[in-house]
Amino acid sequence: MNTLNHQNSRRDFLKLGGAAAAGALLANSAIPALGQGSNTGRRATSGKSPLTKLNNGIEMPVLGVGCFNLPTIQAADIIHFALTNGYRLVDTAANYGNEKEVGEGIARSGVPRSELFITTKLWIENFGYDEALRAFDVSLKKLGLDYLDLYLLHWPVPTDFDKTIAAYKALERLYAEKRIRAIGVSNFNPDHLQTLAERTEIVPVLNQIELHPFFAQQAAREANESRRIKTESWSPIGGGFINLPKDPTNIVRLLENRTIVELGQKYRKMPAQIVLRWHIQHGFIAIPKTQHYERLLANIDIFSFELSNEEVAAIDGLNRDLRAGPDPRSFDVPAFRAILERRRANG
Ligand SMILES: NC(=O)c1ccc[n+]([C@@H]2O[C@H](COP(=O)([O-])OP(=O)(O)OC[C@H]3O[C@@H](n4cnc5c(N)ncnc54)[C@H](OP(=O)(O)O)[C@@H]3O)[C@@H](O)[C@H]2O)c1
């Protein structure tokens, strides 16, 4: 099925006129425009995304490509295509099972390593100090890299927070040894950040959390900001409702929301581009995933238009506190296995 999808999406793309379609989509994105109130950086880059400065002084793109549910059979081609079409930020994880293929795409792209910003994540089953050091080596080897730009703890494990702390201390060591340019966390609630601050030395550069217009996460955003931690949005266009549906008979579709669709019509943009623009104008880093070439081009073509303050506020007003993914207050290995079981049962 994955092979078929892959062939279909390539065929559809070629039907669209391949390079011509790519050119048309990219034509508008040559000059990045910075959004109001955004904290995007201003340095020229060979990539299509503006950069933002992290609390340790390094810069990263504000828009990248996500790799969750990116089938291994397609991952190398998709990452190669993304990098040769202006992406510089790649977000994967040991748990996604595609680090090796993502690494192949990176190698094949020929983009100089110094221009890339590669993130992967330490899975919770490898928490603990020594376990984390070993898992880091495995990830680096699979990716075919000799250093990482950003390494994240994938989730806090509240039922065994000592191990979470030990894993973070291993990241601090790898950072001190210059094997990682920045360290961070994912899915940390404000109280998790507080405990981390009390028991470790280095402030994470960012916290990657589920965040989209239906789940605005105001408290988490404010907690991050108060600690100079950037907020990075996962499932930025609502993909979690499709990937991890609580009720598969009632999948919520953010991209079909009337406000979003009408703004798309006004700006002649896809709904996904409107939502991604909302993230950028709030100063978030966004990592949409797609396995379709034309969508990859569209998702990074968001720097040539700007939503008004009223339009950003209208999208803010869509918040329903509707979480698609797991709740970080109760995530651990058994909770993860239960999710896998549910997904299997739902086909
Ligand atoms: N830290 C964490 O715990 C965590 C959890 C989940 C995700 N993440 C990261 O965040 C990334 C993004 O999250 P996500 O994959 O869950 O969701 P997402 O990026 O919000 O949405 C992905 C979904 O949207 C579709 N899509 C992509 N571009 C589109 C466009 N232009 N128009 C219409 N549909 C479009 C994709 O379909 P096609 O692929 O078929 O195009 C896919 O079904 C992940 O890949 C991963 O790197 C992190």
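Everything here concerns the structure above.
Predicted, not measured: the structure shown is a model, and the values here were computed from it.

Asks: Would you take a moment to explain the packing of helix α3 (residues 72-83) against helix α4 (residues 99-109) for this structure?
Replies: In a pair of packed helices, the angle between the axes and the distance between the axes together describe the arrangement. In the contact formed by α3 and α4, the axes pass within 7 Å of each other and the chain directions differ by 35°. In terms of crossing hand, the pair formed by α3 and α4 is right-handed. Judged by residue contacts, T72, A75, A76, D77, I78, I79, H80 and L83 of α3 engage E101, V102, E104, G105, I106, R108 and S109 from α4.

Asks: In this structure, what is going on with the sheet that holds strand β7 (residues 180-186)? I would like to understand it.
Replies: Strand pairing in a sheet relies on backbone hydrogen bonds. The paired strands run either parallel or antiparallel. The parallel open sheet is built from eight strands, whose spatial order is β3-β4-β5-β6-β7-β8-β9-β10. The strands lining the two open edges of the sheet, one partner per strand, are β3 (65-66) and β10 (285-286).

Asks: I tried to follow the pairing of strand β8 (residues 206-210) on my own but got confused; where do I start?
Replies: A regular strand carries its side chains on alternate faces of the sheet. Of all five residues in β8, five are buried, a share of seventy percent or more. As paired elements, β7 and β8 share two bridges and run parallel to each other. In the strand pairing of β8, S186 is matched with Q208. Remark: the β7/helix α7 (residues 190-199)/β8 crossover connection has right-handed handedness. Pairing between β8 and strand β9 (residues 230-234): five bridges, direction parallel. Paired with N207 across the bridge in β9 is T231. On the question of chirality, the crossover connecting β8 to the parallel β9 by way of helix α8 (residues 218-226) is right-handed.

Asks: In this structure, what is going on with the packing of helix α10 (residues 258-267) against helix α11 (residues 271-281)? I would like to understand it.
Replies: Following both chains from N to C, one finds α10 and α11 inclined at 100°, their axes separated by 8 Å at the closest point. As summarised for this structure, α10 and α11 are arranged roughly perpendicular, according to the angle between their axes. Facing I260, V261, L263, G264 and Y267 of α10, the residues of α11 in contact are P271, I274 and V275. Taken together, the residues of the contact of α10 with α11 sort by class into seven nonpolar, one polar and no charged.

Asks: Would you mind going over α7 with me for this structure?
Replies: Considered for burial, the residues of α7 that qualify are H192, L193 and L196. Along α7, the residues classed as buried sweep out an arc of 100° about the axis, all on the same side. Tucked into the core, α7 has its buried residues touching α6 (161-176) and α8.

Asks: How should I be thinking about the site of the ligand in this particular structure?
Replies: Lining the immediate environment of the ligand, one finds 31 residues, of which G66, F68, G239, A272 and K289 sit closest. Mapped by element, the contributors of at least two residues to the shell around the ligand are α9 (240-243) and α12 (293-299). In terms of residue class, the shell around the ligand is made up of twelve nonpolar, 16 polar and three charged.

Asks: Would you mind showing me how to read the environment of G239 here?
Replies: Within the element layout of this structure, G239 appears in the loop between β9 and α9. By the C-beta count within 10 Å, which is 23 here, G239 ends up buried. Separated by 16 residues in the primary sequence, G239 and L255 have C-alpha atoms spaced 9.5 Å apart.

Asks: Looking at this model, I keep getting lost on the environment of L322. Mind explaining?
Replies: Among the secondary structure elements, L322 is positioned in the loop between α13 (309-316) and α14 (333-345). The sequence separation of L322 and L211 amounts to 111 residues, and the corresponding C-alpha distance is 9.8 Å.

Rules and cut-offs
- Residues numbered from 1 in each chain as written.
- Predicted model: local features only at pLDDT ≥ 70, side-chain atom pairs only at ≥ 80, totals over all residues.
- Axes fitted to C-alpha atoms, helices over the stretch in contact; angles between N-to-C directions.
- Helix = DSSP H or I, 4+ residues; strand = E, 2+ residues; numbered from the N terminus.
- Left-handed = near helix turned anticlockwise from the far one by under 90°.
- Contact = placed C-beta atoms within 7 Å.
- Pairing = 2+ DSSP bridges.
- Buried ≥ 20, exposed ≤ 12 C-beta atoms within 10 Å, placed from the backbone.
- Right-handed = clockwise from strand over helix to strand, strands pointing away.
- Parallel < 35°, antiparallel > 145°, perpendicular 65-115°, else oblique.
- Nonpolar A, V, L, I, M, F, W, Y, C, P; charged D, E, K, R; others polar.
- Arc of directions from axis to C-beta.
- Near = placed C-beta within 6 Å.

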